[in-house]
Amino acid sequence: MDDMYGKGILKGLGVTLKHFWETYLDDAVWLVRRVTKGERRYLSLEGVAHRSSKDARGIFTVQYPEEKLLIPEEFRYIPFLVYDEGPNGEKTMRCTSCGICSRVCPPQCIWIVRSADPATGRPIPDPFEFQIDADVCMNCGLCAEYCPFDAIKMDHDYEMASTSRTVFNKEQLAKPASYYEAIRPINAAQENAARAAKEAARAAAE
Amino acid sequence: MTTPAPTQTLDLAARFPGSVTPDEREGYDGWIVAKEKLISFAQVVRDEFGYDYLSSLTGVDYLPEGKMEVVYHVYKTTGGPGLIFKVQVPRQDPIEVPSLMPVYPGADLQEREAWDLLGIKFIGHPDLRRVLMWEGFEGHPLRKDWQEAFFEEEAKPFKSRWPDGQFTMAEDRTPLGDNVAFPAGFDPKKARFDPETALYESLRQYDKEETGLETDHMLVNMGPHHPSTHGVFRMAVILDGETIVSLKPVMGYLHRNHEKIGERNTFLMNMPYTDRLDYLSSMSNNFGYALTVEKLMGVKPPERAEYIRVIMAELTRIANHVWAIGFLLNDLGAYFTPMLYGVEERELILDIFEAVSGSRMMCNYFRFGGVARDLPEGTLEKIHGIAFDRLPRKIDELERLLAENEIVRTRSIGQGVLSAEDAIRYSAAGPLLRASGIPYDVRRAEPYGIYDRFEFDVAVRYNGDIYDRMMIRFDEVRQSIRIIQQAVKDLPGGPITAMKPVYQVRVPAGEAYGRVEGPKGELGYYVISTGKSTPWRYHIRAPSFINLTAFGPMCTGLKIADVVGVLGSIDIVLGEVDR
Ligand code: SF4
Ligand code: SF4
């Protein structure tokens, strides 16, 4: 050993000391920000955003559940069914029970019962029942990716622990289009524009 | 080393007249070797042609043809394309093929797996026990005529979901107890299993050293529930005092037969399942699978997608390595401080994955012919920020914390040494191979994607001990940062997928073996398509699993407390080991 024994340990301790010190240094910086701009380091959106940015230093823990990580638009958790609301509050499901989502679902957890027209007995678009076994769902997002009618989308609500089996039916899965637009504004706007363009093209062709 | 050797035209058929023929099936490649000549063929291939590295060994059940096939993929550790050879035997028990253990000791666990799951007996294997299922299990689950519990149909999608649509929960359909089939005359209530005797017998086969002292050897089981085993992994060890004289890894506690699931799935459905292999590096897993199926389909992703793929794969490597270093230090006794310093950087990378793919760990981001979606606004800046401003500084800091620490050095230098020859012999891959002095990296040896465009060095260290295996991960992280910096700078615009997104891809019949340099080592996929919607065979060359081949030999002679460090330095993930 050509060097003093223990030097490496001291060097390493310097790193932990720096980490420790930076936590308090940042507290001081945020104190100033709080006075000047009203921004807080803890229990605030800007605080969490800072702690998950490249400038984070010192302690970086996000203290769930008081604090939560910011959710990006693409975040995906358990699908839901989108319905459009009419002017008088009537709900129209976008789903046409075409079955693509259920055929693409890797663990096969989507079950669709099609409705039949009582007069002719032929299948009609509106699904009679739509069930997702949320305990089997692997949150892969393929159903939402390949649904041609923008009818099934991935949710942002991840707090759904339960003590029993979780199977959602059509009523539980249905959420309004306005909710979808709220959680995924960019995607929703793109899809709405694409649908409008398609409609316009069809109208022009007729 | 860096330029792949030109493909030699090997006339192996002339060398072994009558017993070696080219594989002429449509979409297939390589040689078909008569089983009598297999060992001498392998010897020639290894010693005369330099294919010294057995990458993958697996079986395929060709039920309609009444054949069972064993497929070998061998490579040169100096780089270049590989060589494929196969042995075909009639599909009638006992199915027997000579073991390649004498030529490639790395065949050990892979032959055991093929025996376990496909029932191929490897004659001459010194320890042919089941490896993922337990001793006493009836049947071989990967055979095409074997059906799992809750079996519904041969291939997904199942009709009961759509159009039939009657919701039933699996547990109601086939209540517990009725969901398994027993062989005729078997009564589970009366049966007594003895899954361990064979293990202990094989464990006791070691060379006893005559020390002149009367010492008792003691058998200890570490795991499957042990804080140091990184999951449900078990080591059966025989100790002489505190010194290990024999060690066998025992795994399969997390086995779910990923490959059988994969053969029921459509090609696309497998993508999210690959996330669950090495669940710390799902992007790399996606990459390997996408590459393999793209080989079969003959599609090439557009430029932008290629760059995004590289960025994601390298970010994965960084996230994995800081995690691995942290956990190794946990195993060495530095409880959680270095670990959390590493995790801090990993969190920032996971934030990027989440923004891009929707999930922090189960990314499911790659698609055949591209990626699922473009980078959302602001993500590229984020990647730029961490790759240029933060990571280089933070990695230096982490290294300063650990590299010179005297306790870390005493515990790791010279411990658990794997020599270069042994690393190749045991088919070790990734950091484990490179820390032993073999600069073999698939990104250079047989570049895939656009890796040939980037400037980076293949990290290599020469002592093959725990310390080098830790330090090489620092080296690799630095190279990954270099690659990301170049990719971020050059990232072109344009489309992110080469074809219209379809959920039912057409995959022409044939076989393909695709491999990537995953964070844990060479990750290979062997996929056979028959032109149907599901793969006929879907096999994974799992680096964590195969790296364990060298684990026993590496540990012999060490103190029991150091075994934990050796395991940590291999860096395994049980999701991939057990599949
Ligand atoms: S949710 Fe979409 S894909 Fe699924 S059945 Fe309805 S319309 Fe078809
Ligand atoms: S997210 Fe994936 S697993 Fe879940 S319902 Fe959709 S396709 Fe099925």
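Because the structure is predicted, anything quoted here is derived from the model rather than measured. (Residues numbered from 1 in each chain as written. Chains lettered and ligands numbered in written order. Predicted model: local features only at pLDDT ≥ 70, side-chain atom pairs only at ≥ 80, totals over all residues. Heavy atoms only, no water.)

### Examining the domain arrangement of chain B
Residue and element names in this part refer to chain B. Annotation of chain B at the domain level lists domain 1 (5–123) and domain 2 (258–578). Here domain 1 and domain 2 have C-alpha centroids that lie 27 Å from each other. The partner domain 2 presents 28 residues to the 36 residues of domain 1 that form the contact. A buried area of about 2,500 Å², summed over both sides, lies between domain 1 and domain 2, and 57% of it is on carbon and sulfur atoms. Across the domain 1-domain 2 interface, the total number found is 1 salt bridge. A salt bridge links K86 to E511; the shortest N-O distance between them is 2.9 Å. Taken together, the connections running from domain 1 to domain 2 amount to 16 residue pairs in polar contact (both at pLDDT 80 or more). Mapped onto the side of domain 1 that touches domain 2, the elements with two or more residues apiece are β3 (53–62), β4 (67–75), β5 (83–90) and α3 (107–118). The dominant element in the side of domain 1 that touches domain 2, judged by the number of residues it contributes, is β3, at 10 residues. Residues belonging to the side of domain 1 that touches domain 2 are distributed by class as follows: 16 nonpolar, 12 polar and 8 charged. (Domains from an automatic or database assignment. Contact = heavy atoms within 4.5 Å. Buried area = accessible area lost by both parts, 1.4 Å probe. Salt bridge = Lys/Arg side-chain N within 4 Å of Asp/Glu carboxyl O. Polar contact = N/O pair within 3.5 Å; in protein donor to acceptor, adjacent residues only side chain to side chain. Helix = DSSP H or I, 4+ residues; strand = E, 2+ residues; numbered from the N terminus. Nonpolar A, V, L, I, M, F, W, Y, C, P; charged D, E, K, R; others polar.)

### Brief notes about the site of ligand 1
Not every one of the 13 residues close to ligand 1 is listed here, only the nearest: C95, C98, G99, C101 and C147 of chain A. Looking at the shell around ligand 1 residue by residue, the class counts come to 10 nonpolar, 3 polar and no charged. (Near = heavy atom within 4 Å.)

### Observations concerning the nonpolar core
Residues and elements named next belong to chain B. Grouped together as the largest cluster of nonpolar side chains are 172 residues, with contacts concentrated most on Y72, F85, M312, Y365, M470, L548 and F551. Looking at this core element by element, the count peaks at 14 residues for helix α9 (residues 303–332). Two domains share this core, each providing at least three of its residues, namely domain 1 (5–123) and domain 2 (258–578). Sequence-distant contacts of L548, that is, excluding residues within four places in its chain, are made with L109, F233, P249, M251, L567, I570, I572 and V577. (Core = buried A, V, L, I, M, F, W, Y, C linked by side-chain atoms within 4.5 Å. Buried < 20%, exposed > 50% of the residue type's maximum accessible area, 1.4 Å probe, protein only.)

### Points about helix α16 (residues 466–490) of chain B
Note that an α-helix has 3.6 residues per turn; residues three or four places apart therefore point the same way. The end-to-end C-alpha separation of α16 of chain B is 37 Å, in line with the 36 Å expected for 25 residues at 1.5 Å each. By the criterion of burial, α16 of chain B is predominantly enclosed, with 20 of the 25 residues buried. (Expected span 1.5 Å × (residues − 1).)

### Thoughts on the packing of aromatic side chains
Within this structure, the stated rule accounts for 26 aromatic pairs over all chains. Residues F80 of chain A and Y179 of chain A carry aromatic rings whose centres are separated by 5.4 Å and whose planes lie at 70 degrees to one another, so their mutual orientation is edge-to-face. Taken together, the residues F80 of chain A in strand β1 (residues 77–85) and Y179 of chain A in helix α6 (residues 177–183) connect sequence positions 99 residues apart. Given the relative accessible area of 2%, F80 of chain A is considered buried. Ring centres 5.0 Å apart and planes at 80 degrees place the aromatic pair W134 of chain B and F137 of chain B in the edge-to-face group. For W134 of chain B, a relative accessible area of 44% translates into the label partly exposed. Through a chain of ring-to-ring contacts, three or more aromatic side chains come together here, namely F287, Y307, Y365, F366, Y448, Y451, F454 and F456 of chain B. The cationic tip of R114 of chain A hangs over the ring face of W162 of chain B; the distance from NZ or CZ to the ring centre is 5.1 Å. (Phe/Tyr/Trp six-rings, centres within 6.5 Å; stacked < 30°, edge-to-face > 60°. Lys NZ or Arg CZ within 6 Å of the ring centre and 35° of its normal.)

### A closer look at the site of ligand 2
Taken together, 13 residues lie around ligand 2, and C105, C137, C140, G141 and C143 of chain A are the ones closest in. Class assignment for the residues of the shell around ligand 2 results in 11 nonpolar, 2 polar and no charged.

### A few points about the pattern of salt bridges
All names here are of chain B. On inspection of all chains with the given rule, the structure shows 72 salt bridges over all chains. D278 is the salt-bridge partner of K520, the closest N and O atoms lying 3.0 Å from each other. With K520 in the loop between β13 (510–518) and β14 (521–529) and D278 in the loop between α7 (270–275) and α8 (282–297), the pair connects residues that are 242 residues apart, well separated along the chain. There is no split in this pair, since K520 and D278 are both buried. The network of salt bridges with common partners includes E314, R317, R434, D441, R443, E476 and E517.

### Focus on a nonpolar patch on the surface
All names here are of chain A. Nonpolar side chains collect at one region of the surface, where L17, F20, W21 and Y24 lie side by side and expose about 520 Å² of accessible area between them. Along the polypeptide, F20 turns up in helix α1 (residues 7–37). Take F20: its relative accessible area is 51%, and that puts it in the exposed class. (Patch = residues over 30% accessible without salt bridge, like charges linked within 9 Å, V, L, I, M, F, W, Y side chains within 5 Å. Areas by Shrake-Rupley, 256 points an atom, 1.4 Å probe, with all protein chains shown as cover.)

### Regarding the confidence of the model for chain A
Counting all residues, the mean pLDDT for chain A is 88, and 99% of those residues have values of 70 or more. Here strand β4 (residues 123–133) of chain A stands out as the element of chain A with the lowest mean pLDDT, 83, in contrast to strand β5 (residues 152–155) of chain A, whose mean of 93 is the highest. (pLDDT = per-residue confidence, 0-100.)

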